[in-house]
Amino acid sequence: RELSLQSSCSAYAYLRGGTDAISGVDDAAQWRETAARMSLLGIGGERRGELMRVIAAVLAIGNIGFTAADDGTRCVSGEGGRWLAHAASLLRVSPSQLAEKLTSRVLTAGGKGRSSMYTVALDAEACEAARDALAQSLYAAAFESLVESLNGSQEEAAAAAGRVRGCATVDNERFVGLLDIFGFENFALNSFEQLCINFANERLQAHFIDALVKLRVLEYEREGVPLTAIEFPDNEAQLALLDGKAVGLFASLDDEGSVPGGSEQGYVDGLVARFGSNGACASEAFDPLKRGKGGTQVGERTGRSFAAQGSRLDRLSFCVVHFAEPVRYSAEGWLAKNVSGLHPDLAFVLNQSESPLVRGMYPSSTADATAKRPSVGAAFRKSLRSLSTVMLQTTQSFLRCVKPNGHKAADTFDGRFVMRQLRYTGVAAVVAIQRAGYPVSMAHADFVGRYRCLVIGHAARLEGGRIDPDCSKACTGLLRIAPALTSAGEDDWLGSLRP
């Protein structure tokens, strides 16, 4: 009631097309539990209320419509005006300023000292794009604010616990992190969002292979463990194609968006010329598409066939051979999707909000039209590199989820489908390398602590008559005399220790 929310999800444009009820799920009970946990973590009262106001504003913004004015420009429609006023009230900003910045842009022409500013009216498509960009930015900023609040509450709790224990500082290097890896996505129509998600999968897959296969092979070679050649999926070609600093897919999109007259068609044509079979940077992970029989599209490298999507989408399509499977992407709208952040005009309106939360989410720097902002793709790549750095500094345990079938059917197990997943994710290679070597590894100190009991009463057999204080040398000594302490021969003494 306080947020003036509608009783049906269908009343909101952003929520239409789905379902607002799940059998056996009590939404009210779940919300009470969520609110209680937020309060427990220090996000309650006014803070939680402000967050809910922002989310309600996002829903209201989605219902803002536009119509043509008498002078041919665009203005907020009558019904849309009511939703705009409601959104402005929730965000505590000026409704007239919000309406103005959704339908026009202030541009600057000329250089330093001789610049001039003028206002340009937006067409219907640009108005709708500005509206959706505003909603997306608010939702993302609210999420980031929530994460910051959670991290802050945990740091405060750790500091309080440290004071109870008499510790002056908090050890921020010790933590337990849970990373939920994105699901690999391959739909009938794949856009920029799917490219980002699948790139994250490629990056994390490479980390998985490095941690459990490549590093283990190097360890076996270093320790002289005999190891036959093991095949494993290597996605270095995919990472080079996607994340190349100067010529990768993301870098090329940034370049196309920065040149005058850049277009999605120019972007795709450039990719084919650069990464195709005859390109200067030909990549086995890039598969140009050509027209096939029956109006289909066929990959030049893989021969993979895709159903036609229409002449425009087909012209803007290309295929990336991911570690999981080939995926066809359509680059329609990618230049706009790659533009980072909210337009400074709208950020300025939010920066003037009377809400401390909203004002904090949009500091004055976000309203600076002269500030250079990284693209969405560049920011995403930087975030993944930062994640990889953190993961390399930790000890990881992996949990692989395997789908039993490709039809989302209950009580159905497709052996071939499962085996294919195990192979392309590298799980089969991990099993093979563990079987070829020693799946259980122990630290020297742990080994000595566990097996020093074998030499009780036989210390004289050890060099120096005692267990060496150097754990590495102590392990060697224990292993050297162990055969003599068992009834088995030299070659089977380890087997004799098994129950």
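Residues numbered from 1 in each chain as written. Predicted model: local features only at pLDDT ≥ 70, side-chain atom pairs only at ≥ 80, totals over all residues. Heavy atoms only, no water.

**Student:** Break down the nonpolar core for me, with residues and values.
**Tutor:** Counting 41 residues, the largest nonpolar core has Leu91, Leu102, Leu134, Leu138, Leu350 and Tyr362 as its most contacted members. Elements with a contribution of two residues or more to this core: α2 (45–61), α3 (78–91), α4 (95–103), α5 (124–165), α12 (344–351) and α13 (356–361). Per-element accounting of this core gives the leading share, eight residues, to α2. Once you skip the residues sitting within four places of it in the chain, Leu91 turns out to touch Val54, Ala57, Ile61, Leu138, Leu350, Ser353, Ser355 and Val358. Formed by 27 residues, the second largest nonpolar core is a distinct cluster that contains Ala200, Leu239, Phe286 and Trp334. (Core = buried A, V, L, I, M, F, W, Y, C linked by side-chain atoms within 4.5 Å. Buried < 20%, exposed > 50% of the residue type's maximum accessible area, 1.4 Å probe, protein only. Helix = DSSP H or I, 4+ residues; strand = E, 2+ residues; numbered from the N terminus. Contact = heavy atoms within 4.5 Å.)

**Student:** Please give an account of the sheet that holds strand β8 (residues 305–306) that cites residues and values.
**Tutor:** Within the open sheet, the three strands sit side by side as β6-β7-β8. Their pairing is antiparallel. Among the strands making up the open sheet, the edge pair consists of β6 (289–291) and β8. (Pairing = 2+ DSSP bridges.)

**Student:** Explain the pairing of strand β9 (residues 317–321) to me, using residue names and the numbers behind them.
**Tutor:** Every regular strand shows the same layout, with side chains that alternate between the two sheet faces. With respect to burial, β9 is a largely interior element, five of its five residues being buried. Alignment of strand β5 (residues 286–287) against β9, held across two bridges, turns out to be antiparallel. Bridging across to β9, Phe286 finds its partner in Val320. Pairing analysis gives five bridges linking β9 to strand β10 (residues 326–330), with the strands arranged antiparallel. Looking across to β10, one finds that Cys319 is bridged to Arg328. The antiparallel pairing of β9 with β10 creates a hairpin that spans four residues between the two strands.

**Student:** Can you break down the pairing of β10 residue by residue, with the values?
**Tutor:** Among the five residues in β10, five count as buried, and that is most of the element. A two-sided burial pattern is seen for β10, the buried positions comprising Pro326, Arg328 and Ser330 on one face and Val327 and Tyr329 on the other.

**Student:** Before we move on, could you go through unusual backbone geometry and cite the residues and values that matter?
**Tutor:** Positive phi, close to 55°, is recorded for Lys408, a residue that is not glycine. Within the element layout of this structure, Lys408 appears in the loop between α14 (376–392) and α15 (415–424). Phi angles above zero are rare outside glycine, and Asp411 is one such case at about 55°. By the secondary structure assignment, Asp411 is in the loop between α14 and α15. Take Asp411: its relative accessible area is 85%, and that puts it in the exposed class.

Such coordinate-based values are descriptive only and should not be taken to indicate function.
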